[in-house]
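Working through the structure, step by step
So the chains spell out like this:
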Amino acid sequence: MDTVEREPWHLDKKVPLALIMTMALQTLGVIWWAASLSTRVEHQERQIVALTTSDAQAKQEARRIGEWLSRVDERIAAQTEMLRRVEVSLTARTQQQGNR
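These remarks concern the structure in this document. Computed from a predicted model, the values in this text were never measured in an experiment.

With that out of the way, let us pick up the overall build of the chain. Secondary structure assignment for the chain yields one helix and zero strands. On C-alpha atoms alone, the chain measures out to a radius of gyration of 41 Å, which is more than a quarter above the 13 Å that the 2.2 N^0.38 rule sets for 100 residues. Its C-alpha atoms put the chain at 135 × 35 × 20 Å along the principal axes. Scored against the burial criterion, the 100 residues of the chain give a buried share of 0%. Put simply, the chain shows about 10100 Å² of open surface, and 61% of that area lies on carbon and sulfur atoms. Considering the chain, the positive charge centre built from 14 side chains and the negative charge centre built from 13 side chains are found 14 Å apart.

See below:
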């Protein structure tokens, strides 16, 4: 069998410095991009929590307003019925006075 002697890894002098610099810059760019992406994700997570809380509060407020409107509607219905009775009563009195 062939026994090939393995040399430890080394950088050949044929590799241009521009390639090394380009790879280093790309690596730094990827790191910078990942850091900014992480920051944006954290910001979005905070906004999601705030919007979820706000949505829950808005739903609760909408329920309260719905209940309030229901009570107002009942009051208006009661007042309308009372006005109808007053009108009937006034019409009856007017007719009685007209018949005299």
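The structure having been displayed, the exposition proceeds.
Another aspect to go through is the environment of Ser36. Position of Ser36 among the secondary structure elements: in helix H1 (residues 17-99). Distance in space between the C-alpha atoms of Ser36 and Arg75 is 58 Å, their sequence separation being 39 residues.

On to a nonpolar patch on the surface. Taken together, Trp9, Leu11, Leu17, Ile20 and Met21 make up a surface patch of nonpolar side chains, about 600 Å² in accessible area. Within the secondary structure, Leu11 is located in the segment before H1. The exposure class of Leu11 is partly exposed, given its relative accessible area of 46%.

Criteria and thresholds
Residues numbered from 1 in each chain as written. Predicted model: local features only at pLDDT ≥ 70, side-chain atom pairs only at ≥ 80, totals over all residues. Heavy atoms only, no water. Helix = DSSP H or I, 4+ residues; strand = E, 2+ residues; numbered from the N terminus. Rg over C-alpha atoms; globule rule 2.2 N^0.38 Å. Buried < 20%, exposed > 50% of the residue type's maximum accessible area, 1.4 Å probe, protein only. Areas by Shrake-Rupley, 256 points an atom, 1.4 Å probe, with all protein chains shown as cover. Lys, Arg positive; Asp, Glu negative; His and termini not counted. Charge placed at Lys NZ, Arg CZ, Asp CG, Glu CD. Patch = residues over 30% accessible without salt bridge, like charges linked within 9 Å, V, L, I, M, F, W, Y side chains within 5 Å. Salt bridge = Lys/Arg side-chain N within 4 Å of Asp/Glu carboxyl O.

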